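Next come the chains, spelled out residue by residue.
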Amino acid sequence: MIIDRIEEQERYYPLHPEMEQAFAFLSEAPDLEPGRYELENGLFATVSEGDTRQLDTVELESHKKYIDLQYCISGGERMSWAHIQELNLRSEDPEHDNYFYTGKSTSISVRPGMFFLMFPSDGHKAACHEQFQKHYRKVVVKIPVL
């Protein structure tokens, strides 16, 4: 798991051949309507907005086929993380690349201008809150695992 500010994006380009393309899409996303966007080389993105969910009611999830690049455009959210080796697999849906877990995680506030990268070993919850619900606008870019 990596969490940082968008101004630091270039340091992460070497992590994957398509990482620069994924970050480039983030600059377009604030002006786009919510929905799914097909990108080149197997990448796709989802622009969404909504209200955060209570953190303790959301399951941890991971994905084996994609790296998640999640970027907060406006509002804010609480994100939670744990390595999947420290969690208990509850259910899996390989067809949709979703794996759900129970266990303890660490949470952090994500504010506008921040992004986080979740790899296949990263269990995560996103678009959450602990005390006060927030309205958010964000983009998630799915980057195929090599």
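Residues numbered from 1 in each chain as written. Predicted model: local features only at pLDDT ≥ 70, side-chain atom pairs only at ≥ 80, totals over all residues. Heavy atoms only, no water.

**Re the overall build of the chain**
Within the chain, the secondary structure is distributed over one helix and 13 strands. Taking 2.2 N^0.38 as the reference for a compact globule, 146 residues should give roughly 15 Å; the C-alpha atoms of the chain span a radius of gyration of 14 Å, in line with that estimate. Along the longest, intermediate and shortest principal axes, the C-alpha atoms of the chain span 35 × 35 × 25 Å. When each of the 146 residues of the chain is scored for burial, the buried share is 46%. Across the chain, every contact between residues at least 6 apart in sequence was considered, and the portion connecting residues at least 24 apart equals 79%. One finds the centroid of the 15 positive side-chain charges in the chain at a distance of 6 Å from the centroid of its 25 negative side-chain charges. (Helix = DSSP H or I, 4+ residues; strand = E, 2+ residues; numbered from the N terminus. Rg over C-alpha atoms; globule rule 2.2 N^0.38 Å. Buried < 20%, exposed > 50% of the residue type's maximum accessible area, 1.4 Å probe, protein only. Contact = heavy atoms within 4.5 Å. Lys, Arg positive; Asp, Glu negative; His and termini not counted. Charge placed at Lys NZ, Arg CZ, Asp CG, Glu CD.)

**Points about unusual backbone geometry**
Notably, aspartate 97 is not glycine yet its phi reads approximately 55°, a positive angle. By the secondary structure assignment, aspartate 97 is in the loop between β8 (88–93) and β9 (98–102). Within the chain, alanine 127 stands out as a residue other than glycine whose phi angle is a positive 55°. Its place among the elements puts alanine 127 in strand β12 (residues 122–129).

**Description of the nonpolar core**
If you look at the biggest cluster of nonpolar residues, it comprises 21 residues, and the most contacted ones within it are Leu69, Phe115, Val139 and Val141. At the level of elements, α1 (19–28), β3 (44–51), β6 (66–74), β11 (114–118) and β13 (135–144) are the ones that each hand at least two residues to this core. A per-element tally of this core places α1 first, with five residues. Filtering out sequence-adjacent residues up to four positions away, phenylalanine 115 remains in contact with Ile2, Ile3, Asp4, Arg5, Ile6, Tyr12, Phe23, Leu69, Gln70 and Tyr71. Counting residues in hydrophobic clusters, the runner-up holds seven residues, among them Cys72, Met79, Met114 and Phe116. (Core = buried A, V, L, I, M, F, W, Y, C linked by side-chain atoms within 4.5 Å.)

**Here we look at the environment of leucine 146**
Looking at the secondary structure, you find leucine 146 in the segment after β13. According to the relative accessible area criterion, leucine 146 is exposed, its value standing at 77%. Sequence separation between leucine 146 and glycine 35 is 111 residues; the distance between their C-alpha atoms is 25 Å.

**Description of the sheet that holds β13**
With respect to topology, six strands assemble into an open sheet ordered β1-β11-β6-β13-β3-β2, the strand pairing being antiparallel. With partners counted over all chains shown, the strands left at the sheet margins are β1 (2–5) and β2 (35–38), one partner each. Each adjacent strand pair in this sheet contributes to an overall mean axis angle of 20°, direction not counted. Sheet analysis places β2 next to β3, joined by four bridges and oriented antiparallel. Bridge pairing links glutamate 38 to phenylalanine 44 in β3. Of the strands in this sheet, β2, β3, β6, β11 and β13 touch α1, which is tilted by about 160° from β13. (Pairing = 2+ DSSP bridges. Axes fitted to C-alpha atoms, helices over the stretch in contact; angles between N-to-C directions.)

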